[in-house]
Amino acid sequence: MLWLVLLVCASPMIASYFTFYVLKPEKRNNYGTLIDQRAHPIPAMATTTLDGKPAALEQFKGKWIMLMAAPGACDEACRKQLFAMRQLRTMQGKEMERIERVWLITDSEPLDTIVIREFDGTHMLRADAQAVKNWLPVDPGTGVSDHIYMIDPLGHLMMRFPKDPEPRKVHKDIYKLLKASAVG
């Protein structure tokens, strides 16, 4: 009888060890790729606003940052990403104020005025292309301009979405981040 009582008491612990070490979950719960923040700390980049004034990503600390990097000659893919970022932020409803959109412009090309007005509210910062390329991780066969990244309110790069992402899945990831985070 004593052995039966000990077995009943120990069975939850035995079951937890068994499921943790033997039955590892195969399915991921997130759509975007989680990034190890220690491997990709935000470098000190000499970013500037469009009119040449110094501005850093640190000025958005305390808010979630949805980030993309692309040249100033914004082609169709660039516009599609800017549009997606705007819509994903809007889809968050009352939580949208917790997110800032940032476009790191990786060259000195002048921007089309229509693009600036169409995506008003997106912070447009010029940054060194090589520094951005060295900092932001990419999927094999893609470039930095193919992805949308998330930076947490503490200033850590933490998630990358794939090229041509599915908006509903990205929205779901961002919703989960905002719900789980008390910061930002």
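Before going into details, it helps to say that this report is about the structure given with it. The shown structure was predicted, so the numbers you read here are calculated from the model rather than taken from an experiment.

## What to know about the overall build of the chain
When helices and strands are counted, the chain shows five helices and six strands. The helix and strand sequence of the chain, counted from the amino end, reads α-β-β-α-β-α-β-α-β-β-α. Since a compact globule built from 184 residues should have a radius of gyration of about 16 Å, the 21 Å found for the chain marks it as more spread out than a globular shape. Expressed as lengths along the three principal axes of its C-alpha atoms, the size of the chain is roughly 80 × 35 × 30 Å. Per-residue burial over the chain gives 35% buried out of 184 residues. At a minimum sequence separation of 6, the contacts of the chain that also span at least 24 residues come to 63%. A total accessible area of about 11300 Å² is found for the chain, and carbon and sulfur atoms account for 61% of it. The distance from the centre of the 24 positive side-chain charges to the centre of the 21 negative ones in the chain is 7 Å.

## Structural notes on the state of the cysteines
Considering all chains together, one arrives at one disulfide under this definition. Across the disulfide, Cys 74 is cross-linked to Cys 78 (sulfur-sulfur distance 2.1 Å). Note on the Cys 74 and Cys 78 pair: the S-S dihedral is about -100 degrees, so by sign convention the disulfide is left-handed. The exposure classification of Cys 74 matches that of Cys 78, with both residues buried.

## Quick word on the pattern of salt bridges
As enumerated under the stated definition, the model contains 10 salt bridges in all. Between Lys 53 and Asp 51 there is a salt bridge whose closest N-O contact spans 3.9 Å. As far as the burial class goes, Lys 53 and Asp 51 line up, both exposed. Among the ionic pairs, Lys 63 bridges to Glu 100, the shortest N-O distance being 3.3 Å. Taken as a pair, Lys 63 in the loop between strand S1 (33–34) and strand S2 (64–70) and Glu 100 in strand S3 (residues 99–105) lie far apart in primary sequence, 37 residues in all. Look at Lys 63 and you get partly exposed, because its relative accessible area is 29%. One connected set of salt bridges, linked through shared partners, spans Arg 79, Asp 112 and Glu 118.

## Some details on the packing of aromatic side chains
Inspection of every chain in the model, using the stated rule, returns two aromatic pairs. Between Tyr 17 and Tyr 21 the ring centres are 6.1 Å apart and the planes differ by 10 degrees, which places this aromatic pair in the stacked class. With Tyr 17 and Tyr 21 both in helix H1 (residues 2–21) and four residues apart, the pair spans about one turn of that helix. Relative to Tyr 21, the ring of Phe 20 has its centre 4.8 Å away and its plane inclined at 90 degrees; by these criteria the two rings are edge-to-face. Accessibility expressed as a relative area gives 56% for Phe 20, which makes it exposed. A connected cluster of aromatic rings, assembled from ring pairs, spans Tyr 17, Phe 20 and Tyr 21.

## Some details on helix H2 (residues 76–90)
Over its 15 residues, H2 runs 21 Å from end to end, which matches the ideal 21 Å to within 8%, given 1.5 Å per residue. Summarising the contacts, the buried residues of H2 are in contact with S2, S3, helix H3 (113–118), strand S5 (148–151) and helix H5 (167–180).

How each quantity is defined
- Residues numbered from 1 in each chain as written.
- Predicted model: local features only at pLDDT ≥ 70, side-chain atom pairs only at ≥ 80, totals over all residues.
- Heavy atoms only, no water.
- Helix = DSSP H or I, 4+ residues; strand = E, 2+ residues; numbered from the N terminus.
- Rg over C-alpha atoms; globule rule 2.2 N^0.38 Å.
- Buried < 20%, exposed > 50% of the residue type's maximum accessible area, 1.4 Å probe, protein only.
- Contact = heavy atoms within 4.5 Å.
- Areas by Shrake-Rupley, 256 points an atom, 1.4 Å probe, with all protein chains shown as cover.
- Lys, Arg positive; Asp, Glu negative; His and termini not counted.
- Charge placed at Lys NZ, Arg CZ, Asp CG, Glu CD.
- Disulfide = S-S within 2.5 Å.
- Salt bridge = Lys/Arg side-chain N within 4 Å of Asp/Glu carboxyl O.
- Phe/Tyr/Trp six-rings, centres within 6.5 Å; stacked < 30°, edge-to-face > 60°.
- Expected span 1.5 Å × (residues − 1).

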